[in-house]
Amino acid sequence: MLGEVTLRSLSIDDLERDFNAVMESAAYIKTANPGSSWPDGLTREKNLIDLAWHQREFEARRSFAWVIESQAGEYLGCLYVYPSIAGEQAADVVWWWRTGAVVAALPFREHLLQWLASSAWPRLDYRLKDT
């Protein structure tokens, strides 16, 4: 739990909820990520492939993707931690919010920083980029 939200590993079981949240939030996601065209062209089939990749990476402990949910189970967005593959002692941390999600963004960011600084995670330079 991070503040008032919970995290649950993203999996293929989230296909419908994830696809709907991404498509509803596409304009917001693209605005927050200049130069990226994602999720243009995303289909349910392509999203299923993405979710399977995220699930496998999580199981292998190479990268991590979570659904961010409210206490009531509302799909609020996703959080990703991508450790460096270049040998750096760093990881990129990215998240996005579903359009219309009511979330206290600053407390979420503070709770996330505390969690990443805890013994649950290795000592890395966590580069946060919230969208």
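Residues numbered from 1 in each chain as written. Predicted model: local features only at pLDDT ≥ 70, side-chain atom pairs only at ≥ 80, totals over all residues. Heavy atoms only, no water.

Draft legend 1. Expanded view of the overall build of the chain. Of regular secondary structure, the chain possesses four helices and five strands. Secondary structure elements of the chain, listed N to C terminal, follow the sequence β-α-α-α-β-β-β-α-β. The C-alpha atoms of the chain give a radius of gyration of 14 Å, which matches the 14 Å a tight globule of 131 residues would have. In terms of principal-axis extent, the alpha carbons of the chain reach across some 35 × 30 × 30 Å. Looking at the chain as a whole, 38% of its 131 residues qualify as buried. Entry remark: accessible area of the chain is about 7,400 Å², with carbon and sulfur atoms responsible for 55%. Put simply, the chain has 13 plus and 18 minus side-chain charges, and the middle of one group is 3 Å from the middle of the other. (Helix = DSSP H or I, 4+ residues; strand = E, 2+ residues; numbered from the N terminus. Rg over C-alpha atoms; globule rule 2.2 N^0.38 Å. Buried < 20%, exposed > 50% of the residue type's maximum accessible area, 1.4 Å probe, protein only. Areas by Shrake-Rupley, 256 points an atom, 1.4 Å probe, with all protein chains shown as cover. Lys, Arg positive; Asp, Glu negative; His and termini not counted. Charge placed at Lys NZ, Arg CZ, Asp CG, Glu CD.)

Draft legend 2. Fine view of the layout of surface pockets. What the largest pocket holds in volume is close to 340 Å³. Taken together, 17 residues line the largest pocket, and the ones lying closest to its centre are Ile-29, Trp-38, Tyr-80, Tyr-82 and Trp-96. Counting only elements with at least two residues in the lining of the largest pocket, the list comes to α3 (44-60), β3 (75-83) and β4 (90-97). When grouped by side-chain class, the residues that make up the lining of the largest pocket number nine nonpolar, five polar and three charged. Taken together, 13 residues make up the lining of the second largest pocket; nearest its centre are Gly-3, Glu-4, Val-5, Val-103 and Ala-104. (1 Å grid on protein atoms, 1.4 Å probe; cavity = no way out; pocket = protein on both sides within 12 Å on 5 of 7 lines; lining within 4 Å. Points joined across faces, edges and corners; volume = space filled by probe spheres on them. Nonpolar A, V, L, I, M, F, W, Y, C, P; charged D, E, K, R; others polar.)

Draft legend 3. Molecular detail of the pattern of salt bridges. One pass over the full model with this rule turns up ten salt bridges. Residue Glu-88 is joined to Arg-127 by a salt bridge in which the shortest nitrogen-to-oxygen separation is 3.5 Å. Of this pair, Glu-88 sits in the loop between β3 and β4 while Arg-127 sits in strand β5 (residues 125-130), placing them 39 residues apart in sequence. Its relative accessible area of 42% is what places Glu-88 among the partly exposed residues. (Salt bridge = Lys/Arg side-chain N within 4 Å of Asp/Glu carboxyl O.)

Draft legend 4. Fine view of the nonpolar core. Core analysis: the biggest nonpolar cluster contains 19 residues, and Ile-68, Val-81, Val-93, Trp-95, Phe-108, Leu-112 and Tyr-126 have the highest contact counts within it. Within the residue set of this core, elements represented by two or more residues are β2 (64-70), β3, β4, α4 (105-116) and β5. Here this core gets four residues from one element, more than from any other, and that element is β4. In contact with Phe-108, other than residues within four places in its own chain, are Leu-2, Val-5, Ile-68, Trp-95 and Trp-97. (Core = buried A, V, L, I, M, F, W, Y, C linked by side-chain atoms within 4.5 Å. Contact = heavy atoms within 4.5 Å.)

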